[in-house]
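Listed here are the chains, written in short residue letters.
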Amino acid sequence: MPQPSAPRTSLGRPPRISREEVVAAARRIVDADGVNRLTMRRLAAEIGSTPMALYHHVRSKDELLVLLLDDYAARTLHRPELPEEPRERVIVATDAIHSALADCPWIVDVLTADDLLSTSALWFVEQIIDGLLACGLTPRQAVHGYRAIWYYTAGEIVVRTTAARRRTDDDRPTYRERVFGELDPSELPRLEQVADRWASLTAEDTYLDGLRALVDGLLASR
């Protein structure tokens, strides 16, 4: 007599997920492995759902990155008390951006694409542009000035964090250290003079000094 077949098990629908869970899971992936490892498939696996289910909350990776930027800005990018003097307003607003991004350099990787941004962070851009205008720059000069300030800020973070990561991964002398140890003083006398101090000098935190010099240079164009 044939045995009755076992009842079919229905997989059912994937568990319901919220946008907050999606953002939190994406943040865990980025913090652990970097923004390049963030994919919709990886994110779905992290949540225990399917890529199709994610599209109810985010339609693309770009939209997901914008959500991450807004999440980070809301949690860490606090508006500082700004001074009355417009030049100092530019310095303080920019330094606040630098301080927030220096702790999370993957965001700089996203922002340097130059078309993704957090609307929450636009207040800081507004203050920088307003300060430059109040110092006498034209709107065109103010926008170009902001661009120079942003390039300096983003570049400083990228170079510093990348260099630190390379030193962490390998404790052998770097290629630059080997080259600087064999400089020909007859051809490169100035570099040879500071070669043994190059690493310590370039490791000094001179961001604010450079920012002030940059802003002063921009204002000299008035």
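Residues numbered from 1 in each chain as written. Predicted model: local features only at pLDDT ≥ 70, side-chain atom pairs only at ≥ 80, totals over all residues. Heavy atoms only, no water.

Under an unreviewed UniProt entry, the name given to the protein chain is TetR/AcrR family transcriptional regulator, and the organism recorded is Streptomyces macrolidinus.

With that settled, consider the confidence of the model for the protein chain. When the pLDDT values of the protein chain are averaged, the result is 85; 91% of them are 70 or greater. No element of the protein chain has a lower mean pLDDT than helix α6 (residues 106–111), at 79, and none a higher one than helix α12 (residues 207–219), at 97. (pLDDT = per-residue confidence, 0-100. Helix = DSSP H or I, 4+ residues; strand = E, 2+ residues; numbered from the N terminus.)

UniProt annotation of "domain: HTH tetR-type" (unreviewed entry) refers to residues 16–76 when read in the numbering used here. In residues 16–76, helix accounts for 70% and strand for 0%; the two terminal C-alpha atoms are 29 Å from one another. (UniProt positions renumbered as here; feature names shortened; annotations may be inferred.)

Moving on: the packing of helix α1 (residues 19–33) against helix α4 (residues 61–76). Running from N to C, α1 and α4 point in directions that differ by 90°, and their axes come no closer than 10 Å. Comparing the axis directions of α1 and α4 gives the class roughly perpendicular. Where α1 abuts α4, its residues Arg19, Val22, Val23, Ala26, Arg27 and Val30 lie against Glu63, Leu64, Leu67, Leu68, Asp71 and Arg75. Its residues assigned to classes, the contact of α1 with α4 shows seven nonpolar, no polar and five charged. (Axes fitted to C-alpha atoms, helices over the stretch in contact; angles between N-to-C directions. Parallel < 35°, antiparallel > 145°, perpendicular 65-115°, else oblique. Contact = heavy atoms within 4.5 Å. Nonpolar A, V, L, I, M, F, W, Y, C, P; charged D, E, K, R; others polar.)

Looking now at the UniProt feature "DNA-binding region" (unreviewed entry) in the protein chain. UniProt tags residues 39–58 as "DNA-binding region" (unreviewed entry). With 60% helix and 0% strand, the stretch residues 39–58 has end C-alpha atoms that lie 12 Å from each other.

Along the chain, Arg87 turns up in helix α5 (residues 86–102). Ignoring anything within four residues of it in the chain, the contact list for Arg87 reads Cys135, Arg212, Val215, Asp216 and Leu219.

Okay, the pattern of salt bridges next. A side chain with one charge can pair with a side chain of the opposite charge if their charged atoms come near. Enumeration over the complete set of coordinates arrives at 10 salt bridges. Ionic pairing is found between Asp71 and Arg27, a salt bridge with its closest N-O pair at 2.6 Å. Here Asp71 is found in helix α4, whereas its partner Arg27 is found in helix α1, with 44 residues between them in sequence. Overall, the relative accessible area of 19% leaves Asp71 in the buried class. Across the pair Arg87 and Asp216 runs a salt bridge whose closest N-O atoms are separated by 2.7 Å. Placement of Arg87 in helix α5 and of Asp216 in helix α12 is noted, with a sequence separation of 129 residues between them. (Salt bridge = Lys/Arg side-chain N within 4 Å of Asp/Glu carboxyl O. Buried < 20%, exposed > 50% of the residue type's maximum accessible area, 1.4 Å probe, protein only.)

Before going further, it helps to spend a moment on α4. Because an α-helix packs 3.6 residues into every turn, residues spaced three or four apart end up facing the same way. Compared with an ideal rise of 1.5 Å per residue, which puts 16 residues at 22 Å, α4 spans 22 Å between its outermost C-alpha atoms and is within 8% of the ideal. Buried within α4 we find Leu64, Leu65, Leu67, Leu68, Leu69, Asp71, Tyr72 and Ala73. Summarising the contacts, the buried residues of α4 are in contact with α1, α2 (40–47), α5 and α6. (Expected span 1.5 Å × (residues − 1).)

One way to put it is that α5 packs onto helix α7 (residues 122–134) with a least axis distance of 8 Å and a crossing angle of 155°. By the criterion of interaxial angle, the relationship of α5 to α7 is roughly antiparallel. You can see that α5 and α7 cross each other, and the crossing is left-handed. Between α5, through Pro86, Arg89, Val90, Ala93, Thr94, Ala96 and Ile97, and α7, the contact on the second element is made entirely by Phe124, Gln127, Ile128, Asp130, Gly131, Leu132 and Ala134. Residues belonging to the contact of α5 with α7 are distributed by class as follows: nine nonpolar, three polar and two charged. (Left-handed = near helix turned anticlockwise from the far one by under 90°.)

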